[in-house]
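Descriptive analysis of the structure
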Amino acid sequence: MRRITGKAKDETLIELQSATDSQTGDENGGNYVKKPERTTLPGHIETDKLQPNKDTVFFRDGVRRIDFVLSYVDDKDGEKKQERRRAFEANLEKEGLALETEDKSDSKDQKTYFLKIHAPWDVLARYAEILKIKVPFKENNFPPAQDVPLEWLSRPFRLPEHIMRPQPDYFTYPFQNTKTNFFLITNKDTFFPPSTRNRIVYYILARSPYYKEGQTERDKTGIKRLLSNGTYTTAFPLHDCQYWKTARNTECESERNNLYKHWARFLCFYKEQPLNLIRKYYGEKIGIYFAWLGFYTEMLFFAAVMGVICFTYGVLSYDDNMSSHEICDANIGGSIVMCPLCDKKCPFWKLNSTCLSSWQSHLFDNEGTVFFAIFMGIWVTLFLEFWKRRQARLEYEWDLVDFEEEQHQLQTRPEFEIRCTEERLNKITEKMEPYLPLTTKYPRFCLSAATVIFWISLTVTCIIGVIAYRLAVYAAFASIIKDPMRKIQFVGRFITPQLATSVTASCINFVIIMILNFFYERVAVWITDMEIPKTHVEYENRLTMKMFLFQFVNYYSSCFYVAFFKGKFVGFPGDYTYMFGKWSKLRNEECDPGGCLIELTTQLVIVMSGKQLWGNIQEALLPLIRNWWSSRKGRHHPENHYSRWEQDHVLLNFSQLGLFYEYLEMVVQFGFITLFVASFPLAPLLALFNNILEIRVDAWKFTTQFRRPIASKARNIGAWQEILNGVAILSVVTNAFIMAFTSDMIPRMVFLYAYGQNASMRGYVNDSLSIYNISQLHERNMPEERDDWFDNSTTCRYRDYRYPPGHQKEYAHTMQFWHILAAKMAFIIIMEHVVFVVKFFVAWMIPDIPSGVKARFKRERYLIQKDLHTYEVKRVKLELSASFITEPQSEMSSMTDKHEVLSECL
């Protein structure tokens, strides 16, 4: 192929047209139209007068499409990098790629060179066969799906047909160079869509060496190495037009503009997503992500509605809460003296000081919460099962059914091929292939595992530090909030020491989570690279498991502490339990008399909402600021002087792990709304609002703020499916334990049916508090100051079920404690078994692949084989006929034999 360089003083080759042709080009958006006759004017003075429109996706000839762009600058290591570029570009030309360079004098910053790459038909055809890319050979003649009853109800949410289905439905078959007549090739320039073209070119770039001929330096291979060592600064395919308007050249598809107009704007939040157009423009991998995110958001609607109903029940039953009435009653809660909650600094206090928190607890800790926890266990099963069906339908519609089997060998990472110097025989292909010996693999895995354990231990250590903070500052808050000299009595009525401690600790924990995330993301990528996974799928799965394991500990450990440890190991007055022993003076926290559920709710709201808010700021605001800063020099230039590659160059790069972080964000959110949803029924509603915004923010980001990603295929959501299944199973266990041990539901039920009078909750508060003789308190547990009202009190109360002083079993657990414990264990077993039975029954009832998809797939395979057989028979007949006509009469006998052989084969 001929290489055309940019403006050079003596060696510039620019293909120009006549004045008439240039006028025609201006009418078509400034791109020259291909004519049969053209003249080449090396260095002609008229080139400066033409000033063609540079906002184009074609070479200077206006015919060859730009499939990929590389950029570079001159710097201090210019000679060494220039030598690498020269060798790399020479190898690209040997592969058949056409190159065209834009000189730095043509760029707005006057220092960046742009190398434009075009893949001709023969290169595309050769690599399409290597990559087994499926292409159309016949239009799908299956009857369209029947209209759904009441379809008119969904019309306001639907998009135009040409947006939802940007191209007809075809039967497809892996491309073969020897069967070009079999496929529907009307125009070789447009037969392969731009997403397929850039995928093929990137495959070549990733495997082309940059050492000279005759050398065998295996590590000097691929565009990734050249980007990492600064030889090239960027590598990206071009967007087809500006996002806010269509392309002037009619040969450009303007799909980016359609995506922005019908998908990326927030005013389209109630519309369906154009998944086929997303897949066509960005590739199947990104299409699958948005399909999953959209389906997840749709299913959240049902969980959110049920959560609002349960919360509404808590609001409506507000006045029926007998426990809160007793706590707030001056004659009941006002007469109960509670034991100090910490040593020295915490005074004796009256139960009615927690009146407000008891009302707040009832909003989330009521009878409806049990029903909602069971509902969410079934909802998560329905979500995963129906997603499998939606995924199976997409696999069929997007030709991904056999993708993994066909692409297994083709997904080998270039890094694996470069770094693995040893080879062995593949027993299947009987070819030598690189492999990683066990002596190298095991040490790498051990180091990787040790690194993961170290970082998880670091996270646990930070959580322990936050717990120590809670224990240390609780006393300070208790003395500050209740100190009359501070003049904050009004605030003290609404903010208890428990609430102040919980809120500040949650905020500190959130900051620690963000800091640890920043470092661990980089560590996880480093140790995964060190393991040298063989395929891209294997690489992503390993990184996914490492990142989620860390995120699980990082985000959920504080919630696990509040739900299952706080208030469970506090001891009792006279024998309190301390975190690091009595010498540490850090006494374990106690729960509020209303239970720890409200604190778990506070923790969940702060961490979940904070993460979502910070994530949206990162995803929307930061890319906008970066792109504004990068493009500030070119904003005032006319379009025809600001080239398409320069406009895309200033955009942010979408890395190969970009989609990984999008999945991670959503799966962490999925954990919040399933693992701890019993403590906060409004969590699905917050997630629903966030995801409606998330879809449009991600769409806007992909369409306007990022360079066009390299198209890649994916059959499903990968390892995330197994993670979601694991979280779904764990959520049943956690919610059962939350309802049993964190909520106050079981003790209330036991009292109502076994110990209450006339099936009433009257007297429950007094029954749930044990008595302790103040004179038996150790000096270290006594408060330094006492209030005036305390003088006549001889006993204090604490939250537990123990015998009173003077009893034969003084301060030992009562029989009611064991009854409640047995009820809690029975509830856990019953709830888990009921939910699991329903889950597995639903999973068994709902097939993973719809029967209609199975039938269509089998029918399509049958028709493909039938048409392929017919084509082969016709081709052989034509070849034999041609041979019969051209061969001499003396060879007639041999032709007869050929016909006989053919008839036997048929």
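This text follows the structure it describes.
This report concerns the structure included in the present document. Quick caveat: nothing in here was measured; it's all calculated off a predicted structure.

Brief notes about the packing of aromatic side chains
- What the rule picks out here adds up to 68 aromatic pairs.
- Ring centres of Phe-175 and Phe-191 lie 6.4 Å apart, and the angle between their planes is 50°; this geometry places the pair in the tilted category. In this pair, Phe-175 sits in the loop between strand S7 (170-174) and helix H6 (188-191) while Phe-191 sits in helix H6, placing the two residues 16 residues apart along the sequence.
- We classify Phe-175 as buried; its relative accessible area is 1%.
- Among the residues examined, Phe-191 registers a relative accessible area of 11% and is labelled buried.
- Judged by centre distance (6.5 Å) and plane angle (75°), the ring pair of Tyr-772 and Tyr-798 falls under edge-to-face.

Points about the packing of helix H11 (residues 284-316) against helix H13 (residues 355-364)
- Relative to each other, H11 and H13 sit at 145°, their axes nearing to 7 Å. Along its contact with H11, which presents Phe-311, Gly-314 and Val-315, the element H13 presents His-362, Leu-363 and Phe-364.
- Looking at side-chain class alone, the contact of H11 with H13 contains four nonpolar, two polar and no charged residues.

Concerning the nonpolar core
- Among the nonpolar cores identified, the biggest contains 128 residues, and Trp-292, Tyr-296, Trp-379, Phe-383 and Phe-672 are the most heavily contacted of them.
- Broken down by element, this core gets its largest block of residues, 15 residues, from H11.
- Setting aside anything within four residues of it in sequence, one finds Phe-383 in contact with Trp-292, Phe-295, Tyr-296, Met-299 and Phe-670.

Structural notes on the pairing of strand S5 (residues 112-118)
- Of all seven residues in S5, seven are buried, a share of seventy percent or more.
- Across six bridges, strand S3 (residues 68-73) lies against S5 in antiparallel orientation. Across the sheet, the residue bridging to Ser-71 is Phe-114, located in S5.
- Bridge analysis of strand S4 (residues 98-102) against S5 gives five bridges, and the strand direction is antiparallel. Its bridge partner lying in S5, Glu-102 is registered against Phe-114.

Parameters at a glance
Residues numbered from 1 in each chain as written. Predicted model: local features only at pLDDT ≥ 70, side-chain atom pairs only at ≥ 80, totals over all residues. Heavy atoms only, no water. Phe/Tyr/Trp six-rings, centres within 6.5 Å; stacked < 30°, edge-to-face > 60°. Helix = DSSP H or I, 4+ residues; strand = E, 2+ residues; numbered from the N terminus. Buried < 20%, exposed > 50% of the residue type's maximum accessible area, 1.4 Å probe, protein only. Axes fitted to C-alpha atoms, helices over the stretch in contact; angles between N-to-C directions. Contact = heavy atoms within 4.5 Å. Nonpolar A, V, L, I, M, F, W, Y, C, P; charged D, E, K, R; others polar. Core = buried A, V, L, I, M, F, W, Y, C linked by side-chain atoms within 4.5 Å. Pairing = 2+ DSSP bridges.

Without other data, these values stay purely geometric and don't point to any function.
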